[in-house]
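Residue-level listing of the chains:
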Amino acid sequence: MIRCVTLAAGLVLAMPALASAVTTFDDTLNTNVFFGTGNENEAFTVDRANGIEIGLRAKLRFDDNNQPQPIYGSQGNGTYNQPVGLPPTGFSFDPNAPTTPRWSFDWSINTTASGQSLDAFTYVIELDGDPTAGTDFSDTFDLINLPLADHSFGSETTTETSDQRTADPTEYANLIANSTVAQNSWNYEFFNGPGQLSQLAGFDPTVLGLYTIRISAFDSPGGNLLARSSIDVAVTPVPLPGALPLALAGFGMLAMVGRRCLTAA
């Protein structure tokens, strides 16, 4: 799981319209889920277009015992309901941090069907820092073409015991040049504080709201949009999963209003 990435701050790429997106919900990936251990291949919002597969999902990162759980809160339309508030202790590297939400998001990028390695394309992740139904993509950067990140790399046959990671910039460049799949699990905590991206420094996990996370693939920086997956994380006051479906009537309306179209005109 990545805590810190090194990148050029303020990277913003132009985003031409996507002619046609094929987005599926509560889907599985064409590849295994091989980042970390104990992660199931399920509940992803997936776009497959132009030989590129992009998958996103939210999940409960910290239960009442501070442990991760395969609880996604998927509403079947790209919206994932997750509980508001702070975890019991949070991450060991930053215990009791006031900016750690109980939820994280998982992502996967797969270029196998394109016949190209990961470095043949440009990828932009956009992180919404606005808890209202509006969208403020205050963090925007290329999440693959970095000097260094601790992503899991591999192919469609890679398993959680055969993925590759590195802490060496030269080897990292080699991995993106020779791999077709990259995956990771991120938490908004990773984008707060010294040494991290600063734009989400005001994020408060105790505030109810709706956050959009979007990953797009382009054929070049500022070039043609090839594939895009987007999810909304509806942060609710209801513990997952038992009482959630019955208690979300009002907040669910906000999630529906805030849901963004995945296919541009």
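Here goes a summary of the coordinates provided. Source: prediction; values computed, not measured. (Residues numbered from 1 in each chain as written. Predicted model: local features only at pLDDT ≥ 70, side-chain atom pairs only at ≥ 80, totals over all residues. Heavy atoms only, no water.)

Brief notes about the overall build of the chain
Okay, step 1: Check the secondary structure of the chain and you find three helices and 11 strands.
Okay, step 2: The proportion of buried residues among the 265 residues of the chain is 52%.
Okay, step 3: For the chain, restricting intrachain contacts to residue pairs at least 6 apart in sequence, the fraction spanning at least 24 positions comes to 67%.
Okay, step 4: Summing over all exposed atoms, the chain offers an accessible surface of approximately 10500 Å²; the carbon and sulfur share of this is 54%. (Helix = DSSP H or I, 4+ residues; strand = E, 2+ residues; numbered from the N terminus. Buried < 20%, exposed > 50% of the residue type's maximum accessible area, 1.4 Å probe, protein only. Contact = heavy atoms within 4.5 Å. Areas by Shrake-Rupley, 256 points an atom, 1.4 Å probe, with all protein chains shown as cover.)

Concerning the side chain of Asn 187
Okay, step 1: Checked against the element boundaries, Asn 187 lands in the loop between strand 9 (181-186) and strand 10 (209-218).
Okay, step 2: Judged by relative accessible area, Asn 187 falls into the buried class, the value being 0%.
Okay, step 3: Here Trp 103 takes part through its backbone oxygen, which lies 2.8 Å from a polar atom of the side chain of Asn 187.
Okay, step 4: Looking at Asn 187, its side chain comes within polar contact range of the main-chain nitrogen of Glu 189, at 2.9 Å. (Polar contact = N/O pair within 3.5 Å; in protein donor to acceptor, adjacent residues only side chain to side chain.)

Side note on helix 1 (residues 169-178)
Given 3.6 residues per helical turn, the α-helix brings residues three or four places apart onto the same face.
Okay, step 1: Turning to helix 1, its buried residues number three or more, namely Tyr 172, Leu 175 and Ile 176. One face of helix 1 carries all of its buried residues, which in axial projection span an arc of 90 degrees. Structural note: helix 1 exposes Thr 170 and Asn 178 on the side pointing more than 90 degrees away from its buried face.
Okay, step 2: Contacts from the buried residues of helix 1 go to strand 8 (152-154). (Arc of directions from axis to C-beta.)

Things to note about the sheet that holds strand 5 (residues 103-110)
Okay, step 1: Here we have six strands laid out as an open sheet, ordered 1-2-3-5-9-8, and antiparallel in their pairing. Sheet topology places strand 1 (23-27) and strand 8 at the edges, where each strand pairs with a single neighbour. Strand-to-strand twist across the sheet, computed as the mean angle between neighbouring axes with direction ignored, equals 15 degrees.
Okay, step 2: With six bridges connecting them, strand 5 and strand 9 associate as antiparallel partners. Within strand 9, the residue paired with Trp 107 across the bridge is Asn 184. (Pairing = 2+ DSSP bridges. Axes fitted to C-alpha atoms, helices over the stretch in contact; angles between N-to-C directions.)

Some words on the nonpolar core
Generally speaking, nonpolar side chains in soluble globular proteins are found buried as a group.
Okay, step 1: Ranked by size, the top nonpolar core spans 44 residues in total, and within it Phe 105, Trp 107, Leu 143 and Ile 213 carry the most contacts.
Okay, step 2: Considering every element that reaches this core, the biggest residue donor is strand 11 (residues 225-236), with five residues.
Okay, step 3: Residues contacting Phe 105, with those up to four places away along its chain left out, are Leu 56, Arg 57, Ala 58, Ile 125, Leu 127, Asn 184, Ser 185, Trp 186, Tyr 188 and Ile 213.
Okay, step 4: Within the second largest apolar cluster, five residues are counted, among which are Leu 29, Val 33, Phe 35 and Val 46. (Core = buried A, V, L, I, M, F, W, Y, C linked by side-chain atoms within 4.5 Å.)

Regarding the packing of aromatic side chains
Okay, step 1: Throughout the structure, instances matching the rule amount to 16 aromatic pairs.
Okay, step 2: Considering the side-chain rings of Phe 105 and Trp 186, the 6.2 Å spacing of their centres and the 85 degrees angle between planes classify their relative orientation as edge-to-face. Here Trp 186 lies in strand 9 and Phe 105 lies in strand 5, a separation of 81 residues in the sequence.
Okay, step 3: Between the aromatic rings of Phe 105 and Tyr 188, the centroid separation amounts to 6.5 Å while the plane-to-plane angle is 85 degrees, which identifies the pairing as edge-to-face. Of this pair, Phe 105 sits in strand 5 while Tyr 188 sits in the loop between strand 9 and strand 10; the two residues are 83 residues apart in sequence, bridging distant segments of the chain.
Okay, step 4: Looking at Phe 105, the relative accessible area reads 0%, which means it is buried. (Phe/Tyr/Trp six-rings, centres within 6.5 Å; stacked < 30°, edge-to-face > 60°.)

A few points about the sheet that holds strand 11
Okay, step 1: Across the sheet, which stays open at both edges, the five strands sit in the order 4-11-10-6-7 with mixed pairing between neighbours. Looking at which strands have only one partner, the edges of the open sheet turn out to be strand 4 (79-83) and strand 7 (137-141). Between one strand axis and the next, the sheet turns through 20 degrees on average, direction left out of account.
Okay, step 2: Strand direction decides the pairing type here: strand 6 (residues 122-128) and strand 10, joined by six bridges, are antiparallel.

A few points about the pattern of salt bridges
Okay, step 1: Under the defined criterion, the tally for this structure stands at seven salt bridges.
Okay, step 2: Of the charged contacts, one joins Lys 59 and Asp 106 as a salt bridge, the two residues approaching to 3.5 Å between their closest N and O atoms. A residue pair is termed long-range when its members are at least 10 positions apart, and Lys 59 in strand 3 (residues 52-60) and Asp 106 in strand 5 qualify at 47 residues.
Okay, step 3: You can call Lys 59 buried: its relative accessible area is 7%.
Okay, step 4: By relative accessible area, which is 0% here, Asp 106 ends up buried. (Salt bridge = Lys/Arg side-chain N within 4 Å of Asp/Glu carboxyl O.)

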